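# Examination of the molecular architecture
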Amino acid sequence: MKNFSITVITIVIVSLLLFSCGSNPSPEFKNALTFYVSFDNGTNADFALGDSNIYTANSTYTNSRRSLDGIQVGMNNSDHRIVLGKGLFGDAFEFGKKSDTVLFYKSKNNIVYNPQSWSGTISFWLRLDTSADLDGYTDPIQITDTEFNDASIWVDFTDANPPDFRLGLIGDKDAWTQDTLNSPLKTVFEKRIVTLKKPPFSKNNWTHVVVTYDGLGTTTSLGTLYLNGEKIGETKGVDDPFTWVLQESKIFLGLNYSGLMDELSIFNKPFTEGQVKELYQLEEGIKSIL
């Protein structure tokens, strides 16, 4: 009986230790985090190494270049709102009808930018009906100091029916357009894109999107797209420089997007496939690492 009791106690202790190890997120998540907004406390970031404010501006195009005017601190678009209790772990941000008004956070310090070799991870969740909620090209996330085709990281839905879902890692326009002298524009551009046909987004379920990028601006560059912890595809070996005027760079949210977004986080290192899966499985999301 004594030996039986000791055996039972040992099993319980080992089980508790295993459970404890399995429920503790990797310390690398906290150490690498540079920006996080849960949308549970409004639209400003819960954690930011740079400016935590969200900004609203009017967007116009001149010669295919975006210009912003009327920039205001705060979320000042009545078509968008925080929806209580509709998030992955709390509240969520709902983008209403598309307009010429854009929302953004400032990139400086919220993204660890390095023009020689740039690496990191972007993570967020979306919930939408791609057949009903979208109208034309839609960028849930676009990070750039100028435009989507000039030193930019983005994911988008195309204008196809049904739309494709894509990751774009596009270096300096002056650099990559030189490749079009020897190859068709479509071939040159698609080399820098990961495309998924018939993506599994749903109005009823959240979908986790992760982008990792490693060594952008070098010959060993690698960009990878993940959905729900699974690797979708990668683009590699594109050595275009990524040159920013850092003060002008922005993290644009929901360009032409209609649907829900939650748990946006940015990290200063590219996570492995195993870490991306762990990030997807965090029981309380990024809050559990803070």
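Residues numbered from 1 in each chain as written. Predicted model: local features only at pLDDT ≥ 70, side-chain atom pairs only at ≥ 80, totals over all residues. Heavy atoms only, no water.

Residue proline 162 follows asparagine 161 across a cis peptide bond; omega there is 0 degrees. Following the sequence through the fold, proline 162 ends up in the loop between strand E10 (150-157) and strand E11 (165-170). Despite not being glycine, phenylalanine 39 has its phi angle at roughly 65 degrees, a positive value. Relative to the helices and strands, phenylalanine 39 is located in the loop between strand E1 (33-37) and strand E2 (47-48). A positive phi is found at asparagine 228, a non-glycine position, where the angle reads about 50 degrees. With respect to the helices and strands, asparagine 228 occurs in the loop between strand E14 (222-227) and strand E15 (230-236). Taking the relative accessible area as the measure of exposure, asparagine 228 reaches 23% and is therefore partly exposed. (Helix = DSSP H or I, 4+ residues; strand = E, 2+ residues; numbered from the N terminus. Buried < 20%, exposed > 50% of the residue type's maximum accessible area, 1.4 Å probe, protein only.)

With that out of the way, let us pick up the layout of surface pockets. Empty space within the largest pocket amounts to approximately 470 Å³. Take the lining of the largest pocket: its biggest share by element is 4 residues, from strand E9 (residues 138-147). Along the lines of polarity and charge, the residues of the lining of the largest pocket split into 11 nonpolar, 8 polar and 8 charged. Reported here for the second largest pocket is a volume of approximately 290 Å³. Lining the second largest pocket are 14 residues; nearest its centre among them are Tyr137, Arg166, Lys186, Glu190 and Ile193. Put simply, the parts of the chain that give the lining of the second largest pocket at least two residues each are helix H4 (185-190) and strand E12 (193-196). Here the residues of the lining of the second largest pocket are counted per class, giving 6 nonpolar, 2 polar and 6 charged. (1 Å grid on protein atoms, 1.4 Å probe; cavity = no way out; pocket = protein on both sides within 12 Å on 5 of 7 lines; lining within 4 Å. Points joined across faces, edges and corners; volume = space filled by probe spheres on them. Nonpolar A, V, L, I, M, F, W, Y, C, P; charged D, E, K, R; others polar.)

None of the figures reported here should be taken as evidence of function without further support.
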